[in-house]
Amino acid sequence: MKKSILKTLESEIQGNVYSTKEFREFYSVDASSYKIVPKIIVIPKNERDVIRTVKIAKEFKTSVTVRGAGTGLVGSALNTGIILDMKNFDSIRLGKNHVTVGTGVLKGNLDKVLEKSKKFLPPNPSIGSFCSIGGMLGNNSSGSRSLKYGSMIDNVEEITFVDGNGKKIILPKNNKKSKEIIKITNQIDCKKFPNVTKNSSGYRLDKIETINDTHKTIIGSEGTLGIILSAKLKIKNKPKKRILFVIEYNSVIKAATNCRDINKTNPSALEFVDKITFDQINYKFDKKSKCLLFVEYDDKIKSNEKKIHQIITGKIVKKLKTDKEIADWWKYRDLSLHYSLKSIKKEKRIPHVIEDAAVPLKYLPKLFLILNKINKKYNTKSIVYGHAGNGNVHVRLISERKKISIIKNIANEYFDEILKLGGTITAEHGDGLARSEYIKKQYGAKNYEIFKNIKKYFDPENILNPGKIITTKSTIIQNLEEL
Ligand SMILES: Cc1cc2nc3c(=O)[nH]c(=O)nc-3n(C[C@H](O)[C@H](O)[C@H](O)COP(=O)(O)OP(=O)(O)OC[C@H]3O[C@@H](n4cnc5c(N)ncnc54)[C@H](O)[C@@H]3O)c2cc1C
């Protein structure tokens, strides 16, 4: 008699295999509003275990979904079959201007190692130390400093991964594979890709300019093309000096309009915080203040200090120069999601599905007007904060939880407007269960066909995180967790 998938995994995997209710419940949720209970959890000990898991899953026609730290906001790491927790892949090998990291490494642990050599990895999601390198690669994560230094996709030299056939591949080193990828992807219609500085939607085939870029296919693919084992990441010298300005504005539109001029001075970060968030900061802002901009420079401090006074239309309330002061104020910005949740009653927290769009910077004021229109029409309120310099704002909608069906209408309307402006439906958190159904609309039928071909190339039997990125189903309001 044929052994069950569980028994097969238990006998062949050197790491851990779990199927008890406690484990399945634990891995059924992440930081999103979704819940999907998996069948089996595998914690591979080594690369052989990853390959065996994929091959066994293929044999038993079960899915494999890789998970990092589970801090994703759109359920990208949730699925029904096997969940692969990469926490044992925790090696860190430091080179001169790069570091080779196992994908289970938590960002905070990498930061500590880099700090000793006065280096840093530029993408810095606001979740801070808690996310894993695998998840950051899976989502093409970014953060406040991505304005100057790019997202994960711009900071990786090499990716080692296992594809849906159980084959270990290194890109861009594998020339044969790289050539085949180029063959599939060179027909993309670049005009249909969003005209923004950050984008985590679909497959980032627009980033493949030469044969040395083929690893970028995997970055941002949310575990649907391969399970990344390790990555060679670019690192930078820590800036010797920084300066952070906190600027208050009596109008959101004025602040959004000012971002364009501020951005021309090449700040290392340009972030937006609305009144609900700054009301939680222990500081007396002007009563008329409606929002803040956080503007940071990490070079040409003196000349930028002069310049900023000439271009801003708001009022500087803080000029911070020491590492401690700067870190303390960034904490306020990084806690925006927490502050926003704190200020909304549980029954009024509706799932965040339009929380991460970005538009070309010149349209940032328009994005706020679109939100106002939506709030009026659906009788919702919104809390807004985010990476203004990239035209990327995070939106937390407030409405009666029982009116959940309006979410889909709001998403349809909001995303239509974002696409009209040449924007992206997600700049950093990824598509997951909330946005995969909109990818065809985002990129057009031709590009979507190419996405499907890339998926088929790496995962012909659709066992890697099925239902994400390539999908025919609507999942935006399915599988929502009960409150
Ligand atoms: C409070 C808060 C603030 C946040 N701020 C930001 C922010 O500023 N910027 C930002 O970009 N994100 C932000 N996020 C979203 C999220 O934290 C990040 O995108 C994070 O990098 C995800 O990492 P993770 O390890 O938790 O990934 P998970 O949630 O575990 O997984 C995310 C995706 O990556 C895939 N994946 C994981 N490991 C691998 C692997 N080894 N190989 C291939 N794919 C893999 C998964 O399948 C999944 O699709 C925030 C989240 C929270 C809760």
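Under an unreviewed UniProt entry, the name given to the chain is D-lactate dehydrogenase (cytochrome), and the organism recorded is Candidatus Nitrosopumilus sediminis. According to the UniProt record, the Cofactor (unreviewed entry) comment for the chain reads "FAD". Listed under Sequence similarities (unreviewed entry) in UniProt, the entry text for the chain is "Belongs to the FAD-binding oxidoreductase/transferase type 4 family."

Student: Explain the site of the ligand to me, and be specific about the residues and the numbers.
Tutor: Around the ligand sit 34 residues in total, of which Val66, Gly68, Thr71, Ser132 and Ser142 are the nearest. Gly70 has a polar backbone atom sitting 2.9 Å from an oxygen atom of the ligand. In the environment of the ligand, a nitrogen atom lies 2.9 Å from a nitrogen or oxygen atom belonging to the backbone of Ile228. Look at the ligand: alone it shows 980 Å² of surface, and the protein chains cover 95% of it.

Student: I'd like a rundown of unusual backbone geometry, residues and numbers included.
Tutor: The linkage connecting Leu171 with the following residue, Pro172, adopts the cis geometry, with an omega of 5°. For Lys61, which is not a glycine, the phi torsion comes out positive at approximately 50°. In this fold, Lys61 is placed in the loop between helix 3 (47-59) and strand 3 (64-67). Its relative accessible area of 71% is what places Lys61 among the exposed residues. The phi torsion at Glu222 lies on the positive side, around 55°, for a residue other than glycine. Summarising the element assignment, Glu222 is placed in the loop between helix 7 (175-185) and strand 10 (226-234).

Student: Can you lay out the domain arrangement of the chain for me, pointing to particular residues and giving the numbers?
Tutor: Looking at the chain, the domain boundaries give domain 1 (6-85), domain 2 (92-237) and domain 3 (243-420). A separation of 22 Å is found between the C-alpha centroids of domain 1 and domain 2. Interface area for domain 1 against domain 2, summed over the two sides, is near 1,200 Å², with a carbon-plus-sulfur share of 65%. When the buried area of domain 1 at its contact with domain 2 is split by residue, Glu47, Val54 and Thr71 rank highest and sum to 32% of it. Seen at the junction of domain 1 and domain 2, the total is one salt bridge. When the shortest N-O distance is used, the salt bridge between Lys168 and Glu47 registers 2.9 Å. When residues of the side of domain 1 that touches domain 2 are assigned to their parent elements, the largest contribution, six residues, is made by helix 3.

Student: Account for the sheet that holds strand 17 (residues 392-398), naming residues and giving values.
Tutor: The six strands are arranged 15-12-14-13-16-17 in an open sheet whose pairing can be described as antiparallel. In the strand order of this sheet, the two ends are held by strand 15 (315-320) and strand 17, each with one partner. On average, each strand axis in the sheet is inclined to that of its neighbour by 20°, with strand direction left out of account. Most of the contacts of helix 8 (residues 252-263) go to strand 14 (residues 291-297), to which it runs at about 15°, and overall it touches strand 12 (243-249), strand 13 (269-274) and strand 14.

Student: Could you give an account of the pattern of salt bridges, with specific residues and numbers?
Tutor: Pairing of side chains with opposite charge becomes possible as their charged atoms draw close. A full pass over the atoms with the stated rule returns 29 salt bridges. For Lys441, the salt bridge is made with Asp416, and the minimal N-O distance between the two is 2.9 Å. Here Asp416 lies in helix 14 (residues 406-420) and Lys441 lies in helix 16 (residues 439-458), a separation of 25 residues in the sequence. According to the relative accessible area criterion, Asp416 is partly exposed, its value standing at 33%. A network of salt bridges, in which partner residues are shared, links Lys148, Asp298 and Asp299.

Student: Account for the pairing of strand 2 (residues 40-43), with residues named and values stated.
Tutor: Covered by surrounding structure in strand 2 are Ile40 and Val42 together with Ile41 and Ile43, the residues of both alternating faces. In terms of strand pairing, strand 1 (residues 16-18) meets strand 2 through three bridges, oriented antiparallel. Residue Val17 lies in a different strand from strand 2, and its bridge partner there is Val42. Note: strand 2 against strand 4 (residues 82-85), three bridges, orientation parallel. Among the inter-strand pairings, Ile40 is bridged to a residue of strand 4, identified as Ile82.

Student: Which residues make up the UniProt feature "domain: FAD-binding PCMH-type" (unreviewed entry) in the chain, and what are the values?
Tutor: Following the UniProt record, one finds the feature "domain: FAD-binding PCMH-type" (unreviewed entry) at residues 34-238. What you have in residues 34-238 is 22% helix and 22% strand, and the ends, taken at the C-alpha atoms, are 38 Å apart.

Student: So what's going on with the packing of helix 7 against helix 16? Residues and values would help.
Tutor: Direction vectors running N to C along helix 7 and helix 16 enclose 155°, while the axes themselves pass 9 Å from each other. One finds that helix 7 runs roughly antiparallel with respect to helix 16. Here the hand of the crossing between helix 7 and helix 16 comes out right-handed. Between helix 7 and helix 16, the contacting residues are Lys177, Glu180, Ile181, Ile184 and Thr185 on the first element and Ile450, Asn453, Ile454, Tyr457 and Phe458 on the second. Among the residues forming the contact of helix 7 with helix 16, the class breakdown is six nonpolar, two polar and two charged.

Student: Give me the lowdown on the nonpolar core, citing residues and values where you can.
Tutor: In this structure, Leu293, Val295, Ile354 and Tyr414 are the most contacted members of the largest nonpolar core, which totals 54 residues. Looking at which domains feed residues into this core, each of domain 1 (6-85) and domain 3 (243-420) gives three or more. Apart from residues no more than four positions distant in its own chain, Tyr414 is found in contact with Ile354, Ala357, Leu367, Ile370, Leu371, Ile374 and Val395. In this structure, Met136, Ile159, Ile235 and Phe458 belong to the second largest nonpolar core, which totals 40 residues.

Student: Kindly report on the side chain of Arg396, identifying the contributing residues and their values.
Tutor: Residue position: Arg396 is located in strand 17. Within the local environment of Arg396, its side chain forms a polar contact with the side chain of His352, the two groups lying 3.2 Å apart. The contacts of Arg396, once residues within four sequence positions are left out, are Leu337, Ser340, Leu341, Ile344, Arg349, Ile350, His352, Lys381, Ser382 and Ile383.

Student: Go over empty space enclosed by the protein with me, naming the residues and quoting the values.
Tutor: Summed over the entire model, instances satisfying the criterion amount to one cavity of 30 Å³ or more. Residue lining of the largest cavity: Leu73, Leu337, His352, Glu355, Tyr385, His394, Val395, Arg396 and His429, and that is the complete set. Sort the elements by how many residues they give to the lining of the largest cavity and strand 17 lands first, with three residues.

Student: Before we move on, could you go through the packing of helix 13 (residues 364-378) against helix 14 and cite the residues and values that matter?
Tutor: Between two packed helices, both the angle of their axes relative to each other and the distance between the axes serve to describe the pair. Packing of helix 13 against helix 14 leaves a shortest axis separation of 11 Å and a crossing angle of 155°. Taken together, the axes of helix 13 and helix 14 lie roughly antiparallel to each other. The way helix 13 lies across helix 14 gives a crossing that is right-handed. Between helix 13 and helix 14, the residues in contact are Leu367, Ile370, Leu371, Lys373, Ile374, Lys377 and Tyr378 and Ile406, Asn409, Ile410, Glu413, Tyr414, Glu417 and Ile418, respectively. Residues belonging to the contact of helix 13 with helix 14 are distributed by class as follows: nine nonpolar, one polar and four charged.

Cut-offs and rules
Residues numbered from 1 in each chain as written. Predicted model: local features only at pLDDT ≥ 70, side-chain atom pairs only at ≥ 80, totals over all residues. Heavy atoms only, no water. UniProt positions renumbered as here; feature names shortened; annotations may be inferred. Near = heavy atom within 4 Å. Polar contact = N/O pair within 3.5 Å; in protein donor to acceptor, adjacent residues only side chain to side chain. Areas by Shrake-Rupley, 256 points an atom, 1.4 Å probe, with all protein chains shown as cover. Helix = DSSP H or I, 4+ residues; strand = E, 2+ residues; numbered from the N terminus. Buried < 20%, exposed > 50% of the residue type's maximum accessible area, 1.4 Å probe, protein only. Domains from an automatic or database assignment. Buried area = accessible area lost by both parts, 1.4 Å probe. Salt bridge = Lys/Arg side-chain N within 4 Å of Asp/Glu carboxyl O. Pairing = 2+ DSSP bridges. Axes fitted to C-alpha atoms, helices over the stretch in contact; angles between N-to-C directions. Contact = heavy atoms within 4.5 Å. Parallel < 35°, antiparallel > 145°, perpendicular 65-115°, else oblique. Left-handed = near helix turned anticlockwise from the far one by under 90°. Nonpolar A, V, L, I, M, F, W, Y, C, P; charged D, E, K, R; others polar. Core = buried A, V, L, I, M, F, W, Y, C linked by side-chain atoms within 4.5 Å. 1 Å grid on protein atoms, 1.4 Å probe; cavity = no way out; pocket = protein on both sides within 12 Å on 5 of 7 lines; lining within 4 Å. Points joined across faces, edges and corners; volume = space filled by probe spheres on them.

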